[in-house]
Amino acid sequence: MARRFRVKGRFYAFLLALLLIGGVVIGIVVSGRNASVVRAGVMTARMEGMAVIIRDEQCVGVDKYDRVSFYVDEGAAVTDAQDIALVCKWGYSDDMMQALLTVEGQIYAAQTALLAGVENADLASIELQIQNKRLAVRQAELGEGGDLLTLQRELAELLNQRAAFLTQTVQPTSALTELYNTQAERLAQLDTYREKVTAAGTGRVSFYFDGYEQTLNTDKLDTINASLISGVVSGSSDLLSGAPSNLVYRLVNPNLWYLAFVTPRSQALRLAAGERYTITFSDCALQFAGTAMNASASEGDVLNLIEITEDMGELYRTRKLNATVAAELSGYLIPLKYVGVKDGSAFVTVDAGDSERTIEISVVAVDGDTALVRALSADGSLAAGMRCVKP
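For every chain, the first residue of the written sequence is number 1, and numbering continues from 1 onward in sequence order. With the structure being a predicted model, the display of local features is reserved for residues of pLDDT at least 70 and the display and counting of side-chain atom pairs for 80 or more, all residues being used for whole-chain, interface and lining totals. In computing side-chain values, all of the structure's heavy atoms are included and hydrogens and water are not.

**Some thoughts on the pattern of salt bridges**
Any carboxyl oxygen of Asp or Glu that lies within 4 Å of a side-chain nitrogen of Lys or Arg is treated as forming a salt bridge with it. Considering all chains together, one arrives at 14 salt bridges under this definition. In this structure, glutamate 74 and arginine 317 form a salt bridge, with 3.8 Å as the shortest nitrogen-oxygen distance. Taken together, the residues glutamate 74 in the loop between strand S3 (65-70) and strand S4 (77-78) and arginine 317 in the loop between strand S12 (301-308) and strand S13 (320-335) connect sequence positions 243 residues apart. In this structure, the salt-bridge partner of aspartate 83 is lysine 196, at a minimum N-O distance of 3.5 Å. Linking aspartate 83 in strand S5 (residues 83-89) with lysine 196 in strand S6 (residues 194-198), this pair joins segments that are 113 residues apart in sequence. With a 1.4 Å probe rolled over the protein chains alone, any residue whose accessible area is under 20% of its type maximum counts as buried; one over 50% counts as exposed, and the rest are partly exposed. Look at aspartate 83 and you get partly exposed, because its relative accessible area is 29%. The exposure class assigned to lysine 196 is partly exposed, which follows from its relative accessible area of 46%. Each helix is a run of H or I in the DSSP string that is no shorter than four residues. Each strand is a run of E no shorter than two, and both are numbered from the N terminus.

See the structure below:
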């Protein structure tokens, strides 16, 4: 008769232990695939570095000139056709101006002689203003207050006002008429060498040039790349040829400009196109907000651009400075080590069950070992709950 065996409790304990061990082994095998679950999340994006300013501006010049006198100050806001400067072309000499000043002095002496003994309240008022303005000019020349250029311009206006008043008031004699004719000849001679330069539109005027005005302009955005910006930052760009000698001023649109900075091609972190970023600078206390544009990768590095439509203030004559851009963004959270980079483009590999699928992404923020990413395609190809694997 066959012998029967009883299954004891220790057998079940042994079987349970085997199952537990098997589960651990399976877990190890699964974890060996380096899988991680994609999660939706929010993160503060932050990028810092040396940035380059690209301005919306035009440079205005004339034929080669010898000297220039300005009607407005550096950084002044101007309107279309406003007088900016008076330039004296090659061939001009101080003797020409001195000859005119001599005749004008003779005219003034003749006019006041004809008015001798006649009291004129209007003329007395103008003379007092001229006297006070000359005193203010001398004080400004000594550094005792006042803007010298503005005071000189105001003095010239008063002198012109007095000359016009006397010409209209004094009955000309033959001698005075001859002086008027001589004055007209001297002015005609000077006008062949002088040219008044006016504003080509509305904006902010500057007489400072750094040689990049033609290259780093908004109308050249399509040709600006990471290599050029890197060269500007390092000062090694071969496109810096200096400003042409015939340039007189720059007319800047202060309400449209771009901030450009470069990141390594091997770095996955980029700006999120279309998102608004807050921009601060370590070199000044100004703060702006701008919209990120599509980053462009070249053979070397990646060009990041932000468009800003706020008045640039004192930055109208600044080319490069240390900037920090930041924004609160949403997307999907994955370990940074699961992000792959190939030919300057970032991607993530997801487990599709019996196969793996590669999804192109943009890394818009990084916090330690975690990346905030977005799929480049708008078809929802990346979603929370997916399992991504190491590339």
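Right, picking up where we left off after that structure.
**Describing the pairing of strand S8 (residues 247-264)**
Burial analysis of S8 places 13 of its 18 residues in the buried class, which makes it a mostly covered element. Whether two strands pair comes down to DSSP finding at least two bridges between them. The pairing of strand S2 (residues 39-61) with S8 spans 10 bridges and is classified as antiparallel. If you follow valine 52 over to S8, its bridge partner there is alanine 260.

**Re helix H6 (residues 226-234)**
Among the residues making up H6, those that are buried are Ala226, Leu228, Ile229, Gly231 and Val232. Between a side-chain oxygen at the N-terminus of H6 and the backbone nitrogen of serine 227 the separation is 3.2 Å; the capping residue is asparagine 225. One or two steps after H6, the chain reaches glycine 235, where phi turns positive at roughly 80°. Two N or O atoms form a polar contact when they lie within 3.5 Å of each other; inside protein one atom must be a possible hydrogen donor and the other a possible acceptor, and for residues adjacent in sequence the pair counts only when both atoms belong to side chains.

**Examining helix H3 (residues 121-141)**
In an α-helix, one full turn covers 3.6 residues, which means residues spaced three or four apart are oriented alike. Counted at 1.5 Å a residue, the expected span for H3 with its 21 residues is 30 Å, and the 31 Å between its end C-alpha atoms agrees. Taken residue by residue, H3 has Leu123, Ile126, Ile130, Ala136, Val137 and Ala140 as its buried positions. Projected down its long axis, H3 carries its buried residues within an arc of 145°, all on one side. What points out from H3, more than 90 degrees from its buried face, is the exposed set Ala121 and Gln131. Among the residues of H3, the N-terminal cap falls to asparagine 120, whose side-chain oxygen and the backbone nitrogen of aspartate 122 are separated by 3.0 Å. Any helix carries an expected span of 1.5 Å times its number of residues minus one. Note: the arc covers the axis-to-C-beta directions of the helix.

**Concerning the confidence of the model for the protein chain**
Confidence of the predictor in every single residue is expressed as pLDDT, which spans 0 to 100. Residues with a pLDDT of 70 or more make up 88% of the protein chain, whose mean pLDDT is 86. Long-range and interchain partners of residues 1-7, a stretch whose pLDDT sits below 50, account for one contact in this model, where long-range means more than four residues apart. Segment residues 19-32: pLDDT under 50, and one contact once partners within four positions in sequence are set aside and those in other chains are kept. Whether two residues touch is decided by their heavy atoms; if any such pair falls within 4.5 Å, the residues are in contact.

**Considering empty space enclosed by the protein**
In this analysis the probe radius is 1.4 Å and the grid spacing 1 Å, with only protein atoms considered; a cavity is a set of points the probe fits into but cannot get out of, a pocket is an open set with protein on both sides within 12 Å along at least five of seven lines, and lining residues have an atom within 4 Å of a point. Grid points are joined across faces, edges and corners, and a volume is the space filled by probe spheres set on the points. Counted under the stated rule, the structure contains one cavity of 30 Å³ or more. Of the pockets and cavities examined, the largest cavity occupies roughly 30 Å³. Looking at the largest cavity, the residues that line it are Met47, Glu48, Gly49, Phe261, Ala323 and Val325. Sorting the residues of the lining of the largest cavity by element identifies S2 and S13 as the ones contributing at least two each. Ranked by residues supplied to the lining of the largest cavity, first place goes to S2 with three residues. Any residue outside Ala, Val, Leu, Ile, Met, Phe, Trp, Tyr, Cys, Pro, Asp, Glu, Lys and Arg is labelled polar, Gly included; the first ten of those are nonpolar and the last four are charged. Across the lining of the largest cavity, the residue classes tally to four nonpolar, one polar and one charged.

**With respect to the nonpolar core**
Residues belong to a common nonpolar core when they are buried Ala, Val, Leu, Ile, Met, Phe, Trp, Tyr or Cys residues joined through side-chain atoms within 4.5 Å. With 47 residues, the main nonpolar core has Leu259, Tyr277, Phe281, Leu315, Val339, Ile361 and Val363 as its most contacted residues. In terms of residues, this core owes the most to one element, S13, which gives seven residues. When neighbours within four sequence positions are excluded, valine 339 is seen to be in contact with Ala268, Ile334, Ala346, Phe347, Ile361, Val363, Ala371, Val373 and Pro391. One finds Leu115, Leu151, Leu158 and Leu176 within the second-largest nonpolar core, a separate group that totals 18 residues.

**A look at the sheet that holds S6**
Taken in spatial order, the three strands line up as S3-S5-S6 in an open sheet, and their pairing is antiparallel. One side of each edge strand has no neighbouring strand; the edge strands of this open sheet are S3 and S6. Across the sheet, the mean angle separating the axes of adjacent strands is 25° when strand polarity is ignored. As judged from the five bridges shared by S5 and S6, these two strands associate in the antiparallel manner. Across the sheet, aspartate 83 pairs through a bridge with threonine 198, a residue of S6. Every angle, taken between N-to-C directions, lies between 0 and 180 degrees, and every axis is a line fitted to C-alpha atoms, over only the stretch in contact when it is a helix.

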